[in-house]
Amino acid sequence: MDKILVLDFGGQYNQLIARRVRDNRVYAEILPYTTDIEVIKEKKYKGIIFTGGPNSVYDMTSPHYDKSILSLGIPVLGICYGCQLIAWMEGGKVSTAPVSEYGKIELTAKSSPLFENVPEKSIVWMSHTDYISQMSDEYKSIASTADCPYAAMENKKKGIYAVQFHPEVTHTEYGNQVLYNFLYNICECKGDWEMDSFIEKTITKLRETIKDRNVILGLSGGVDSSVAAALLSRAVGKQLTCIFVDQGLMRKNEGDFVENAFKNTFEMNFIRLNCQDEFLAKLKGVSDPEEKRKIIGSEFFEAFWNEIRKQNETAFFAQGTIYPDCIESGKGDAATIKTHHNRVRTPDDVKFLGIIEPLAELFKDEVRKVGEKLGLPESLVWRQPFPGPGLGVRVIGEITKERVSLLQEADAILCDEMNRNGYENKMSQFFCVLPGVKTVGVMGDHRTYDDLVIIRAVTTDDFMTADWAKIPYDILAKVSNRITNECKGINRVAYDITSKPPATVEWE
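Residues numbered from 1 in each chain as written. Predicted model: local features only at pLDDT ≥ 70, side-chain atom pairs only at ≥ 80, totals over all residues. Heavy atoms only, no water.

Engineer: Please provide a residue-by-residue account of the overall build of the chain, values included.
Structural biologist: From N to C terminus, the chain includes 14 helices and 19 strands. Here the C-alpha radius of gyration of the chain, 25 Å, is about what a compact globule of 508 residues would show, namely 23 Å. Referenced to the eigenvectors of the C-alpha coordinate spread, the extents of the chain come out at roughly 75 × 65 × 40 Å. In the chain, buried positions account for 58% of the 508 residues. (Helix = DSSP H or I, 4+ residues; strand = E, 2+ residues; numbered from the N terminus. Rg over C-alpha atoms; globule rule 2.2 N^0.38 Å. Buried < 20%, exposed > 50% of the residue type's maximum accessible area, 1.4 Å probe, protein only.)

Engineer: Describe the pairing of strand S15 (residues 429–433), listing the residues and the values that go with them.
Structural biologist: In terms of burial, S15 is a largely internal element, five of the five residues being buried. Burial along S15 is two-sided: Gln-429, Phe-431 and Val-433 and Phe-430 and Cys-432, pointing in opposite directions, are all buried. Across five bridges, S15 lies against strand S17 (residues 446–459) in antiparallel orientation. By the bridge assignment for S17, Gln-429 is matched with Val-458. (Pairing = 2+ DSSP bridges.)

Engineer: An account of the sheet that holds strand S3 (residues 47–50) is needed here, citing residue identities and associated values.
Structural biologist: If you walk across this open sheet you meet the nine strands as S2-S1-S3-S4-S9-S8-S7-S5-S6, and the pairing is mixed. Two strands lie at the open edges of the sheet, namely strand S2 (27–32) and strand S6 (121–134), each paired on one side alone. Between one strand and the next, the sheet's axes are offset by a mean angle of 20°, whatever the strand orientation. Note that strand S5 (residues 93–109) and S6 share twelve bridges and pair antiparallel. Following the sheet pairing, Val-94 is matched in S6 by Ile-132. The strands touched by helix H4 (residues 175–186) within the sheet are strand S1 (3–8), S3, strand S4 (76–79) and strand S9 (160–163), with S4 carrying the most contacts at an inclination of about 165°. (Axes fitted to C-alpha atoms, helices over the stretch in contact; angles between N-to-C directions. Contact = heavy atoms within 4.5 Å.)

Engineer: Describe the nonpolar core, with residues and values.
Structural biologist: By size, the foremost hydrophobic cluster in this structure holds 48 residues, and its most contacted members are Val-245, Phe-304, Met-418, Met-427, Cys-432, Ile-471 and Ile-483. Listed by contribution, the elements that provide at least two residues to this core are strand S11 (240–246), helix H8 (276–283), helix H9 (289–311), helix H13 (401–420), S15, S17 and helix H14 (473–486). Setting aside its immediate chain neighbours within four residues, Phe-304 contacts Leu-217, Gly-218, Ile-243, Val-245 and Phe-317. (Core = buried A, V, L, I, M, F, W, Y, C linked by side-chain atoms within 4.5 Å.)

Engineer: Give me the lowdown on unusual backbone geometry, citing residues and values where you can.
Structural biologist: Residue Pro-501 is reached from Lys-500 by a cis peptide bond, and omega for that bond is -10°. Tracing the sequence through the fold places Pro-501 in the segment after strand S19 (490–495). Residues Pro-501 and Pro-502 are joined by a peptide bond in cis, for which omega reads 15°. Tracing the backbone through its elements, the reader meets Pro-502 in the segment after S19. Of note in the backbone geometry, Cys-80 takes a positive phi value of approximately 55° without being a glycine. By the element assignment, Cys-80 lies in the loop between S4 and helix H3 (81–89). Non-glycine residue Lys-211 carries a positive phi angle of around 55°. Its place among the elements puts Lys-211 in the loop between helix H5 (195–210) and strand S10 (215–218).

Engineer: Kindly report on the packing of aromatic side chains, identifying the contributing residues and their values.
Structural biologist: Within the structure shown, the criterion is met by eleven aromatic pairs. Judged by centre distance (5.9 Å) and plane angle (70°), the rings of Phe-304 and Phe-317 are edge-to-face. Residue Phe-304 is found in helix H9, and its partner Phe-317 is found in strand S13 (residues 316–318); the two are separated by 13 residues along the sequence. Owing to a relative accessible area of 0%, Phe-304 belongs among the buried residues under this scheme. We classify Phe-317 as buried; its relative accessible area is 3%. (Phe/Tyr/Trp six-rings, centres within 6.5 Å; stacked < 30°, edge-to-face > 60°.)

Shown next, in the form of structure tokens:
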């Protein structure tokens, strides 16, 4: 099948570029910029995309590449840093821009195969401090903004194109069209990659890897681990043991829901471990979010290891890791945003046959598509995303049993009202946060000094960027009224109207 190489120079949107390419039914794989050019030649790619990155190309310690890649006869598209890198490699000049561009910017495009079916004026997403101040004579400017004269350029003869903006993010109005044009107009791809082929190949690979041995999966009941469990169950059946660690930091009654959904439905061995007291003891007095994540992650896996020690056997260890987990933990030269729960070192005395991550190449919406094709019930496939550390990153500050219980009640009310009013499927994620702030209030004739609760709700296609959800005021008013009346200890409700970026979806 046709393959596109995404050459990774360390930006935060690099995996998303591959995701968008696959959206267009073309297979994409990612290699670091340190990959030898001979390896790239052997792979016979239909096209190459240079990603963005946080560096300056004129700094010789920054990621660079062999200039001969531009002479392989393979079409190339440079994005942001990749755009500047092409200009620099071809003899142009890259400088600090007089005016940095961040966020939504109006683009003026000219006629080009890259901009077919893209209007002359459109909105793109910019994120750069440097810019191309002078192009090589071999290149032609095909787009500009008020502060960036070379917002896109082309060398049609060599099949090389470059854009300063980010076509891969949803904020760029015609970004998908730009990528489509590169894939089909310039690279002449056929569009022969489908999710069915991913499932078939993954199951085959799992069987070849696991053979007659056993595999252990951490099953949270979220979309990712559920789909990973379904794939593994389809591949090896009873050789799979799913261990569900109920750490007491889940949503209200969620532990019972997970057990009922999996224990008697799938061909597997299901084990539930109730560990609330142990988790709370370890978290006592801890307020730092990174430390909480690491403690929860370590305790989560320690519960596995203790169970594995009881079984006294060697097995593979499976995780529901997906692409965003890898991105935000830092990859190559990418900046670390936060540590994810499935990036914790295993203890020296526990030996696995290997780590299996069947979903590590997929984004959330792709994972859902796999779940649907595997026949998972809608209630599992379309569950609200839930962080690995659970409510541990939604209770800001110290985690106590009382604070967790209070947040569970408020969150259950929010979920109930969203469901009643038909908004449950209109938002990508919604939840409550207990920020650890007390405010003055009045109930009846009495002064109160109780907790504030924050409602967070977002809409997004990919969770790389997100907008805050525009929930009608009357619904928010109903939620606020119920929470302050039904949750003893809460006297104020606020709504978070911050997009990602600059914020992340979760508060910690």
